[in-house]
Every structure is written in structure tokens, then in C-alpha cells.
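Spelled out from the first residue to the last, the chains are:
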Amino acid sequence: MKILKTLLALCMTVLAAQALAQETPDALARRVMNEVIAVVKSDPAIQAGDSRRINELVDAKVLPYFDFRHMTALAMGREWRAATPAQRDALTAEFRSLLVRTYSNALSQYKNQTIDFKPLRMQAADTDVIVRTEVRQPGAKPVSIDYQMDRQADGWKVYDVMVAGVSLVTNYRETFSQEIKAGGVDGLIKSLQAKNAQTGANHK
Amino acid sequence: MVVRNTARAILPALLAVLAGCATTGNPADPFEPVNRKIYAVNDTLDRYALKPAAEGYRDVVPLPARTNVSNFFGNIEDVWTGFNNLLQGKPREGFSDFGRFAVNSTVGILGFFDVASDIGLDKHDEDLGQTLGRWGMGPGPYLMLPLFGPSTVRDTAGAIPRQLVDPVASVERIPVRNAVRGLRVVNGRAQLLGADSALDDAALDRYSYLRDFYLKSRLNQVHDGNPPREKDDYYE
């Protein structure tokens, strides 16, 4: 009996994992956004701007679907190859907190917007897709927000976000290469740390 | 009128000054040192005048009324958008824009309500700068215009004719005209209130972040959302 139960539980886990792995990227994006918006709308602390609560929400629901290492590499461009493994780790950590804070603060301003998902053009074999959405709010022009995702062993991951057609990741490339020209990769890491310390303090 | 004449007087002089101080650096932004100074002035004006005005406007005027205001100015803009769609060889979009103007000016009560969007006439975003780009003109050097903000030589060239046919300029009574203009500016700024705090959060250097964003988003607009995409994946 016990063996049967264990087997059954194992089967269920495998099935559930398969279902998640097979979730199409747009379905995944829709599910995550709906979950996050539901929490934002129902949590008075988040609406009051409680940044700790927002961070918890983003940590738990959103970040597992982002590939920050890939994002950092993309922002660095050709400079990424020149960075040592330790520098890459430090860059990824700092860039990650910069992006996460920007996203969380934007999320805390969420009000009255609606998100439309555009139909996804995707072949079954595709491993790299763009999920296109349009954010509408009353009295303002709709803004397109697109998520570029690739398929990894544990499911689809976002590695680029485009607002109004502009990559919020590669938009850093010019600044990064200026920083690297001035102070090397370590100089860039220091600038990112300083930025994170400064903006983090402003929001406390 | 004042703005127009000042712009006429200032722009050629400004371009002459700018041309004299090209430096090495970002090839898209040869006038960076001057642009940065202008940005600093614009930013100060924004911080102490325009942004507080926009915040006050947002806090005092309820959302439905602000939507009406945005629709009203957007309705005027649709005519200009329509002409530009025609100039870009997109008659279907162009006549759809004129249709929007007709529907919203009447059923939508002088444009205060965007009925056209509800019946499937989608709003487009076109201007003369995009048209020139569509015709093959490159953006030219990046320009930070006093008061007006980010632009390029091409987009400035496209913005001047727009000012010359501004229907608000034909309002006879000067106080009314100025009030309408002021409302347009403050309402426009109010729409950016979320975006500017994101800029503060995101940018290591706001000047270059804004510049790079502006240039890429204009490229995207010129190509109606499908810019030539350079393949670059530097990952591992």
C-alpha cells in the first residue's frame, strides 16, 4: 500500500512538472501577471507603497522566470567576454538588484491599467520567442511591453524586456561601455554598487 | 506666436553654435557637452516648475476629466497623424485617422470622448519626423532642445511645420490660447509621471539613458514596430 502511494505521488509530481514544462511562454507570462496583479490589487500594504511586501511578492512570483545572467551578458555586449567569472557574478548580482528595484517600484504604481496579450506566433520547435503585450491606461497612449524568452531545461525564461520597442537591457550598453572605458569592469561594478546603495536608501 | 518666433530666431543660431563644438565620443551625439548643459537646465526647470504643476494637476483633476483632456488634444493630433500616414503611403491608416477625427469631433463631443477606438478605429502614432525617416532620412545628430527635450536634427525639422499648423495657434484670444497651450503641456507631462520615476530608478546616468531610449524608440516608430534587428547574442 505504502509503495503504491509513493508511486502515485511520484507519478503526480512528474505529471505536474511536465505540465509546467509544457506551458507555452505566453500562457506562463499571463499566469504570472494575473497572479501578481491579483495580489497587488488585494493587498492594502502594497498599495500603500510597502516596499518590503512588494519585494517579497516579486521574489516569490516573478524572479524565478527571469534569467539575470543572460540579461547582464546582453547589456554588457562584447565586454562580457572580457570579464572574469568573478566579475560576471558581481555584475549579475548588481544589475539584478538594479532591475528588480526598478520593476518593483513600477509595480507599486500599478493602478487602473489593463494588459492585453497579443497572439503569439510560435512553432512547436521554437526555443526563442517574444511575448507581446500592450498596457492600456485611461487617458494615455497604450504602451507596448514585450518579453523575449528562451526555453531552458526548467522552462521558459525572460531575458529581455522591451518597452515601446526599446530593450531595457541593451539600453544600458552605451552607459556600460562608457563606464568600462573610464574605470574598467571593476569601475562599472563600483558604479552599479553605488547606484544600488543610493537608490535603495531613497526608497527606505 | 512667441514660442514660434523665438524658435525661429534661436534654432539656426543654436545649430551654428553646436556645429562648432563637435567632439569625439558617441557618434550619434556629437554635441554631447552642449546637450548635457541644456539637459541640466531643462531638468532643473522640470523639477521646480513643470513636474510640480503636473503633480498638482494629477491630484486635483479627477481621472475621467484628465482622460477627456488627453482625448481632446489627441483628437487634434489625429489629423496630423492621418496626413503623415498618407505621406508614408499608408492610405488605409490615414483615412482611418481622418475617420477617427470625424467620429470623435461629433459623436465624441469635440474630441472629449474617444468613441472611435471603441468602434475599432485604432489610434496611430505618426509625425513628420517619422515620415522623413520613412523616406530614408537618417536621424542626424541627437539634439537636446531647450524646453522641448530630446530630439534629433530630423525630428526638429519635422516638429517645426507641426508648430506652424498648430490649430491652437489660431485661437484669437491670447489668454485662452495660452491657457490651452499650458493645459496641453501640463497634461502631457502628467502622463509621464510614472515613467520619470522609473528613469530615476533605472539609470546610472539619466542623460545617456534618456538619449539611448529616445533614439531607439524613434527608430522603432519609424519602422512601425519592426526595426531592422541586429542579431547580437554575446552570451557565453
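Keep in mind that this is a model prediction, so the values were computed, not measured.

(A) Structural detail: the overall build of chain B. Each helix and strand in chain B was counted, giving 10 helices and two strands. Along chain B, helices and strands appear, N-terminal first, in the series α-α-α-α-α-α-β-β-α-α-α-α. Long-range contacts, defined as pairs at least 24 residues apart, comprise 64% of the intrachain contacts of chain B with a sequence gap of at least 6. Entry remark: accessible area of chain B is about 12600 Å², with carbon and sulfur atoms responsible for 67%.

(B) Spatial organisation of the domain arrangement of chain B. Residues and elements named next belong to chain B. For chain B, the assigned domains are domain 1 (2–58 + 140–234) and domain 2 (61–126). At the boundary of domain 1 with domain 2, total buried surface from both sides reaches about 1200 Å², with 57% on carbon and sulfur atoms. For the domain 1 face of the interface with domain 2, the top three residues by lost area are Y57, R162 and D224, together amounting to 39%. Our enumeration of links across domain 1 and domain 2 arrives at two salt bridges. The partner of E77 in a salt bridge is R162, and the shortest N-O contact between them spans 2.8 Å. Across the domain 1-domain 2 interface, the total number found is six residue pairs in polar contact (both at pLDDT 80 or more). Counting only elements with at least two residues in the side of domain 1 that touches domain 2, the list comes to α2 (32–60), α7 (153–164) and α8 (174–190).

(C) Region of the structure containing the pattern of salt bridges. Residues and elements named next belong to chain B. Taken as a whole and judged by the stated rule, the model has 34 salt bridges over all chains. In this structure, D114 and R100 form a salt bridge, with 3.3 Å as the shortest nitrogen-oxygen distance. Of this pair, D114 sits in the loop between α4 (91–106) and α5 (115–118) while R100 sits in helix α4, and the two are 14 residues apart along the sequence. Taking the relative accessible area as the measure of exposure, D114 reaches 21% and is therefore partly exposed. A residue is classified by how much of its surface remains accessible, and R100, at 2% relative accessible area, is buried. Through salt bridges with shared partners, one network takes in D29, E32, R36, D205, R211 and D212.

(D) The arrangement of the interface of chain A and chain B in detail. Taken residue by residue, the interface counts 40 residues in chain A and 29 residues in chain B. Between chain A and chain B lies a buried interface of about 3000 Å² when both sides are counted; carbon and sulfur atoms form 50% of it. Across the contact surface, chain A and chain B share zero salt bridges. In this structure, the connection of chain A to chain B is made through nine residue pairs in polar contact (both at pLDDT 80 or more). Elements represented by at least two residues in the side of chain A that touches chain B include exactly α5 (68–76), α6 (79–82), α7 (85–108), β4 (155–163) and α8 (173–202) of chain A.

(E) Here's a closer look at the sheet that holds strand β1 (residues 114–117) of chain A. Residue and element names in this part refer to chain A. The five strands lie next to each other as β1-β2-β3-β4-β5, forming an open sheet whose pairing is antiparallel. On the outer flanks of this sheet lie β1 and β5 (166–167), each paired with one strand and no other. In the sheet, β4 pairs with β5 via two bridges, with the strands oriented antiparallel. Bridging across to β5, V163 finds its partner in V166. Its contacts with the sheet put helix α2 (residues 25–42) on β1, β2 (128–136), β3 (143–152) and β4, and the angle it makes with β1 is roughly 170°.

(F) Main features of the confidence of the model for chain B. Looking at chain B as a whole, the pLDDT averages 88, with 86% of positions reaching at least 70. For this predicted complex, the interface confidence score (ipTM) comes to 0.82, while the overall pTM stands at 0.85.

(G) Unusual backbone geometry, seen in detail. Residues and elements named next belong to chain B. Within the chain, I109 stands out as a residue other than glycine whose phi angle is a positive 50°. Topologically, I109 is positioned in the loop between α4 and α5. Residue L147 is not a glycine yet carries a positive backbone phi of 70°. Examined against the element boundaries, L147 turns out to sit in the loop between β1 (142–145) and β2 (149–152). Taking the relative accessible area as the measure of exposure, L147 reaches 69% and is therefore exposed.

Calculation rules
- Residues numbered from 1 in each chain as written.
- Chains lettered and ligands numbered in written order.
- Predicted model: local features only at pLDDT ≥ 70, side-chain atom pairs only at ≥ 80, totals over all residues.
- Heavy atoms only, no water.
- Helix = DSSP H or I, 4+ residues; strand = E, 2+ residues; numbered from the N terminus.
- Contact = heavy atoms within 4.5 Å.
- Areas by Shrake-Rupley, 256 points an atom, 1.4 Å probe, with all protein chains shown as cover.
- Domains from an automatic or database assignment.
- Buried area = accessible area lost by both parts, 1.4 Å probe.
- Salt bridge = Lys/Arg side-chain N within 4 Å of Asp/Glu carboxyl O.
- Polar contact = N/O pair within 3.5 Å; in protein donor to acceptor, adjacent residues only side chain to side chain.
- Buried < 20%, exposed > 50% of the residue type's maximum accessible area, 1.4 Å probe, protein only.
- Pairing = 2+ DSSP bridges.
- Axes fitted to C-alpha atoms, helices over the stretch in contact; angles between N-to-C directions.
- pLDDT = per-residue confidence, 0-100.

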